[in-house]
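Single-letter residue listing:
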Amino acid sequence: MDKLRYSRVLFKLSGEALAGPAEYGVDPATITGFCEEIAKTVEKGLQLSLVIGGGNIFRGVSSSAAGMERSSADYMGMLATVMNALAVQDALEKQGLQTRVLSAISMREVCEPYIRRRAVRHLEKGRVVICAAGTGNPYFTTDTAAALRAMELKCEAIIKGTKVDGVYDKDPMKHKDAVKFDRLTYMDVLERQLRVMDSTAISLAMDNNMPIVVFNMFTRGNLDRVVMGEEVGTTVEGGK
Ligand code: UDP
C-alpha cells in the first residue's frame, strides 16, 4: 500500500460545508459523502482529528451585530458546533469508524469533555476525535480552535476542506478572472488578507510552523490525495 504523507492531521470542516447545497442547516447526503471520504483515509491508518464549525446554524458575530451581547451569541455559536459534531459522529459511525466527540464546553450527557491526553489516546487507538465547541471561549472562531488543537494534539498539518479549489486572489464564485495560488506563506495570507482562515488562526499556525492545506472537499478523492501527499489545493507554510 502507498505510504501516507501524514500520520496525524487536523481536519477543519466548516459548518457551511455541512449545509451542502442549502444555505443553512445540515444536509445528510453531503455529510455522508464527506464521511465516506474520511473513512477511506482512516482505513489507511491516518490518525484524524476533526474540528467542526457552526456557521451553518449560528454565527455569533452576525447576531452581535444585530444587537445581541457578543459573548452570549458566541456561546450559541459554540453550541451549534456541538450539534454538527453529533451529526458527523453519527455519519462516521455508519461508515464503521470508531469516534469520540470531545467538547470544549462540558456536556457530560452528550459527549466527553476535551482533555488533551484523552484526545491523544483516542487518536492512538485509531478513533476519530471530533473536537466540538471551538476553543470554549467567545471572541474566537473554529479556525482558531483548529490551529490550537492541531498544535496540542501534535498534528503534522491542518487540512481545511472548502467549497472551492484552494486560495484565490479574489472570490472565485464572484470573479471569473480569480487566480488560484498553489503555495503561499503565512505572511502573504496576512498581508493580502486572503480568506484562508482568520488572522488569529494564521498567526498561531505561523508561530508554530504548522502547515495548512486548503482544498475542495466536494471533489471526490481530494481528501485522500491530500493525505497521500499529492499537490492539491493551496499549501500555506514557511516564509517567516
Ligand atoms: N465560536 C466561539 N469560540 C470558538 C469557536 C466558535 O465563540 O472558539 C462561535 C462564534 O460565534 C462562531 C460560531 O461559534 O461564529 C461558529 O463557528 P465558526 O464561525 O468558526 O464556524 P464555521 O465558519 O467554520 O462554520
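Our subject is the structure listed above.
Every value quoted in this text rests on a predicted model; they were computed, and no experiment measured them. Throughout, residues of each chain are indexed from 1 in the direction in which the sequence is written. Totals for whole chains, interfaces and linings use every residue, but because this is a predicted model, local features are given only for residues with pLDDT of at least 70 and side-chain atom pairs only at 80 or more, for both listing and counting. In computing side-chain properties, one takes all heavy atoms of the structure into account and sets aside hydrogens as well as water.

A.B. asks: How should I be thinking about the overall build of the protein in this particular structure?
C.D. replies: Secondary structure summary: the protein contains nine helices and 11 strands in total. In terms of overall dimensions, the protein has a C-alpha envelope of 55 × 50 × 35 Å along the principal axes. Per-residue burial over the protein gives 52% buried out of 240 residues. Residues count as neighbours in contact if any of their non-hydrogen atoms are within 4.5 Å of one another. Taking the intrachain contacts of the protein between residues at least 6 apart in sequence as the baseline, contacts between residues at least 24 apart amount to 71%. Charged residues are defined narrowly, with Lys and Arg counted positive, Asp and Glu counted negative, and His plus the chain ends left uncounted. In this description, the location of a charge corresponds to atom NZ of lysine, CZ of arginine, CG of aspartate or CD of glutamate. Across the protein, the 31 positively charged side chains and the 30 negatively charged ones have centroids separated by 4 Å. Numbering of helices and strands runs from the N terminus; a helix is a DSSP stretch of H or I covering at least four residues, while a strand is a stretch of E covering at least two. Buried residues are those whose accessible area, probed at 1.4 Å on protein chains only, stays under 20% of the maximum for their type, while exposed residues exceed 50% and partly exposed ones sit between those limits.

A.B. asks: It is not clear to me how the pattern of salt bridges should be interpreted in this structure. Could you clarify?
C.D. replies: For side chains of opposite charge, pairing can occur when their charged atoms come near one another. By definition here, a salt bridge exists when the distance from a side-chain nitrogen of Lys or Arg to a carboxyl oxygen of Asp or Glu is within 4 Å. Tallying each qualifying case throughout the model produces 17 salt bridges. Among the ionic pairs, aspartate 74 bridges to arginine 70, the shortest N-O distance being 2.9 Å. Pair noted here: aspartate 74 and arginine 70 are both in helix H4 (residues 70-94), with a separation of four residues, about one helical turn. Arginine 70 gets classed as partly exposed once you look at its relative accessible area, which sits at 23%. Linking glutamate 124 and arginine 121 is a salt bridge whose minimum nitrogen-to-oxygen distance equals 3.0 Å. Here the residue glutamate 124 and the residue arginine 121 both occupy positions in helix H5 (residues 116-124), the gap between them amounting to three residues, near one helical turn. Judged by its relative accessible area of 44%, arginine 121 is partly exposed.

A.B. asks: When you look at the site of the ligand in this model, what are you seeing that I'm missing?
C.D. replies: Close to the ligand lie 21 residues; Gly15, Asp74, Thr135, Asn137 and Thr142 are nearest. One nitrogen or oxygen atom from the main chain of glycine 15 is found 2.7 Å from an oxygen atom belonging to the ligand. Between N or O atoms, a polar contact is any pair within 3.5 Å; within protein, one atom must be a potential hydrogen donor and the other a potential acceptor, and residues adjacent in sequence are included only when both atoms are from side chains. One nitrogen or oxygen atom from the main chain of asparagine 137 is found 2.7 Å from a nitrogen atom belonging to the ligand. Each accessible area is a Shrake-Rupley result for a 1.4 Å probe, and residues are judged covered by the shown protein chains and nothing else. Within the complex, the protein chains bury 93% of what would otherwise be the 520 Å² of accessible surface of the ligand. Of the grid points, spaced at 1 Å and generated over the protein atoms alone, those admitting a 1.4 Å probe that cannot get out make up cavities, while open sets with protein on both sides within 12 Å along at least five of seven lines make up pockets; any residue with an atom within 4 Å of a point is treated as lining. For a cavity or pocket, the test is whether more than half of a molecule's atoms lie within 2 Å of its grid points; if they do, the molecule sits there. Under a 2 Å grid-point criterion requiring more than half of the atoms, the pocket assigned to the ligand is the largest pocket. Counting only elements with at least two residues in the shell around the ligand, the list comes to helix H1 (15-18) and H4. A total of three residues in the shell around the ligand trace back to one element, the largest contributor, which is H4. Under this grouping Gly is polar, as are all residues other than the nonpolar Ala, Val, Leu, Ile, Met, Phe, Trp, Tyr, Cys and Pro and the charged Asp, Glu, Lys and Arg. Taken together, the residues that form the shell around the ligand break down as four nonpolar, 13 polar and four charged. By convention in this text, a residue qualifies as near a molecule or strand provided that one of its non-hydrogen atoms is within 4 Å of it.

A.B. asks: Is there a simple way to think about helix H8 (residues 199-207) in this case?
C.D. replies: For the α-helix, the turn length of 3.6 residues means that residues three or four positions removed from each other point alike. Regarding H8, the residues found buried are Ala201, Ile202, Ala205 and Met206. Projected down its long axis, H8 shows its buried positions confined to an angular sector of 135°, all on one face. In this fold, the buried residues of H8 make contact with helix H6 (142-152), helix H7 (186-191) and strand E10 (212-216). Sitting at the amino-terminal end of H8 is aspartate 198, which places a side-chain oxygen 3.2 Å from the backbone nitrogen of threonine 200. After H8 finishes, the residue asparagine 209 shows a positive phi value of roughly 50°. Working note: the arc is built from the helix axis to C-beta atom directions.

A.B. asks: Hey, could you run me through the pairing of strand E3 (residues 99-103) in this one?
C.D. replies: Two faces, one strand: in a regular strand the side chains alternate between the faces of the sheet. Counting buried residues along E3, four of its five residues qualify, which places the element largely inside the surrounding structure. Of the strand pairs in this sheet, E3 and strand E4 (residues 112-113) are connected by two bridges, and their pairing is parallel. Along E4, the bridge assignment pairs leucine 102 with glutamate 112. When DSSP locates at least two bridges between a pair of strands, those strands are taken to pair.

A.B. asks: Quick question: what am I supposed to make of the side chain of threonine 135 here?
C.D. replies: Along the chain, threonine 135 falls in the loop between strand E5 (128-132) and H6. For threonine 135, a relative accessible area of 14% translates into the label buried. Of the polar contacts made by the side chain of threonine 135, one reaches the backbone nitrogen of asparagine 137; its length is 3.1 Å. Not counting the four nearest positions on each side in its chain, threonine 135 is found in contact with Ala104, Phe140, Thr141, Thr144, Ala145, Leu148 and Arg149.

Geometric values such as these leave the question of function open.
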